[in-house]
Amino acid sequence: MKKLSLLDKIRHFFSKKQKHQEAKRKHLKVLLKKLKKEEVRLKTKLADKKDSSRNAHYERLIKVLHQQRKKGVALLRELSH
Amino acid sequence: MRKEVTHLYENAFDIIIQVMNIEKDDLKDDDFIERLATIPSKVMTVDIDKLYNERIKLLYSEIIAFIARIQGGSDTQAYGDTLYDLRDASRDVVEAVKDIKHLQKNLLRYLVASNPFIQKEYNAIRQRLALLLKDLNAIAADSDNEALLALDGVRADLFADDALAGGSLDNLIRNGSITPEMATSLMNDSSYAHDVAKNLVNMAKVIFTPTDSMMREVQESLVLDS
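Keep in mind that what you see is a predicted model, and the values were worked out from it rather than measured.

As for the overall build of chain A
When helices and strands are counted, chain A shows 2 helices and 0 strands. Its C-alpha radius of gyration of 21 Å places chain A more than 25% over the 12 Å reference for a compact globule of 81 residues. Counting only C-alpha atoms, chain A reaches 70 × 20 × 15 Å along its principal axes. Pairs at least 24 apart in sequence give 64% of the contacts found in chain A among residues at least 6 apart.

Regarding the overall build of chain B
Of regular secondary structure, chain B possesses 10 helices and 0 strands. Listing the helices and strands of chain B from first to last along the sequence gives α-α-α-α-α-α-α-α-α-α. Taking 17 Å as the expected radius of gyration for a compact globule of 226 residues, we find that chain B reaches 19 Å, a close match to that expectation. Reported as C-alpha extents along the three principal axes, the dimensions of chain B are approximately 65 × 40 × 30 Å. Put simply, chain B has 226 residues, and 50% of those count as buried. Long-range pairs, those at least 24 residues apart, make up 81% of the contacts in chain B between residues at least 6 apart in sequence. Summed over all atoms, the accessible surface of chain B reaches about 11,100 Å², with 49% contributed by carbon and sulfur.

Regarding helix α4 (residues 82–111) of chain B
Look at α4(B): 41 Å from first C-alpha to last across 30 residues, which is about the 44 Å you get at 1.5 Å a residue. At L103(B), α4(B) shows its largest bend, some 40°.

Considering unusual backbone geometry
Positive phi, normally seen in glycine, also occurs at N21(B), with a value near 55°. Positionally, N21(B) belongs in the loop between α1 (2–19) and α2 (32–36).

Observations regarding the nonpolar core
All names here are of chain B. Core analysis: the biggest nonpolar cluster contains 68 residues, and Y9, I100, L129, L132, L200 and M203 have the highest contact counts within it. For this core, the secondary structure elements donating two or more residues are α1, α2, α3 (48–72), α4, α5 (116–141), α6 (147–157), α8 (168–174) and α9 (180–207). Ignoring any residue separated from it by four or fewer positions in sequence, one finds L132 in contact with V154, L158, A197, L200 and V201.

Section: the side chain of H57(A)
Following the sequence through the fold, H57(A) ends up in helix α2 (residues 52–80). Apart from the residues within four sequence positions on either side, H57(A) is in contact with L131(B), D135(B) and D157(B).

Here we look at the interface of chain B and chain A
Of the residues lining the interface, 26 residues belong to chain B; the matching set on chain A comes to 21 residues. Overall, the association of chain B and chain A removes approximately 2,000 Å² of surface from exposure, summing both partners, and the carbon and sulfur fraction of that is 59%. Applying the counting rule to chain B against chain A returns 3 salt bridges. The partner of E146(B) in a salt bridge is K34(A), and the shortest N-O contact between them spans 2.9 Å. Our count for the contact surface shared by chain B and chain A stands at 8 residue pairs in polar contact (both at pLDDT 80 or more).

Some remarks on the layout of surface pockets
Reported here for the largest pocket is a volume of approximately 870 Å³. In terms of lining residues, the largest pocket is bounded by 31 residues, among which E38(A), R41(A), L61(A), A138(B) and A150(B) are the most central. For the lining of the largest pocket, the elements supplying multiple residues, two or more each, are α1 (6–48) and α2 of chain A together with α2, α5 and α6 of chain B. For the lining of the largest pocket, the leading source of residues is α1(A), giving 8 residues. Classifying every residue of the lining of the largest pocket gives 15 nonpolar, 3 polar and 13 charged.

Focus on the packing of α4(B) against α5(B)
Residues and elements named next belong to chain B. Taken N-terminus to C-terminus, the directions of α4 and α5 make an angle of 135°; their axes are 9 Å apart at the nearest point. With respect to their mutual orientation, α4 and α5 come out oblique. α5 is crossed by α4, and the crossing has left-handed handedness. Only I118, Q119, Y122, N123, I125, R126 and L129 of α5 make contact with α4, whose side of the interface consists of I100, L103, N106, L107, Y110 and L111.

With respect to the packing of aromatic side chains
Any pair of aromatic rings gets described here by the distance separating the centres and the angle formed by the planes. Residue and element names in this part refer to chain B. All told, the structure shown has 3 aromatic pairs over all chains when counted by the stated rule. Between Y9 and F208, the ring centres sit 5.8 Å apart and the planes meet at 75°, which makes this aromatic pair edge-to-face. Highlighted residues: Y9 in helix α1 and F208 in the loop between α9 and α10 (213–222), separated in sequence by 199 residues. The residues Y9 and F208 share a single accessibility class, namely buried. Judged by centre distance (5.1 Å) and plane angle (35°), the rings of Y110 and Y122 are tilted. Taken as a pair, Y110 in helix α4 and Y122 in helix α5 lie far apart in primary sequence, 12 residues in all. Considered together, Y110 and Y122 belong to a single accessibility category, that of buried residues. Three or more aromatic residues joined by ring pairs form one cluster here, namely Y9, F13 and F208.

Scoring rules and cut-offs
- Residues numbered from 1 in each chain as written.
- Chains lettered and ligands numbered in written order.
- Predicted model: local features only at pLDDT ≥ 70, side-chain atom pairs only at ≥ 80, totals over all residues.
- Heavy atoms only, no water.
- Helix = DSSP H or I, 4+ residues; strand = E, 2+ residues; numbered from the N terminus.
- Rg over C-alpha atoms; globule rule 2.2 N^0.38 Å.
- Contact = heavy atoms within 4.5 Å.
- Buried < 20%, exposed > 50% of the residue type's maximum accessible area, 1.4 Å probe, protein only.
- Areas by Shrake-Rupley, 256 points an atom, 1.4 Å probe, with all protein chains shown as cover.
- Expected span 1.5 Å × (residues − 1).
- Bend = angle between axes of the 7 residues up to and from the residue.
- Core = buried A, V, L, I, M, F, W, Y, C linked by side-chain atoms within 4.5 Å.
- Buried area = accessible area lost by both parts, 1.4 Å probe.
- Salt bridge = Lys/Arg side-chain N within 4 Å of Asp/Glu carboxyl O.
- Polar contact = N/O pair within 3.5 Å; in protein donor to acceptor, adjacent residues only side chain to side chain.
- 1 Å grid on protein atoms, 1.4 Å probe; cavity = no way out; pocket = protein on both sides within 12 Å on 5 of 7 lines; lining within 4 Å.
- Points joined across faces, edges and corners; volume = space filled by probe spheres on them.
- Nonpolar A, V, L, I, M, F, W, Y, C, P; charged D, E, K, R; others polar.
- Axes fitted to C-alpha atoms, helices over the stretch in contact; angles between N-to-C directions.
- Parallel < 35°, antiparallel > 145°, perpendicular 65-115°, else oblique.
- Left-handed = near helix turned anticlockwise from the far one by under 90°.
- Phe/Tyr/Trp six-rings, centres within 6.5 Å; stacked < 30°, edge-to-face > 60°.

Printed below as a string of structure tokens:
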């Protein structure tokens, strides 16, 4: 079997890394859409409910989703560069 | 092995809801929190030691023995850290049952107490644990398998309106609404309930986590620091 040169090995490494990042970017985009959809759904529920403890529960979840999305958007930017 | 640990959790789940005097069907209902706000007129006592021996102890021992046998074998590396994680998850389930045992005595006592203030606080513990179990059920049943992210929401909810954290316990003592003995019990039992929740969330991180490595990697990068 032909031995790979150092340059080929480096190329192979970067192409593998690039493929991995591309797959990660695609997964992340899908996930971010889902999180956004869930945030909108909870905001609608929040508007419907009058019960304060239930509303506090929704508010906490919305805050978490918002923070996760923020983290995700920053990561997506990083992966797109 | 994951299936067996999940089975252990399901057994623990049954024990916990029995101790908390919660009907399984209550957790399916969307308005269950409101319904659980009504303090039960009578409470049922369950023999938790008997249930532990019958449904937890043997299964847990078998899980531990099986993991030990694999670790002694030659292909341990093929399992990576999964075995250790599963062993820890089983231990978390067992600890949760032990914590609920500590909580049982005062919960049953104060849920039917004549003092409405302490009754309300213990019912709040019951409601919070019910909410946690409902959330964990939803995560387990989630076909999209976004458990790691969903657990962030569970963590945020855990005892957000806890009597200790919110300062309402101080008010109850200051106003003479509850006795110092009741306050001590409430402090200890809030801590037990917190431990139950923490153990179950730790277990869920292992058991309900996505098996797809890319999905797990993406979710892990979005998980908030707790």
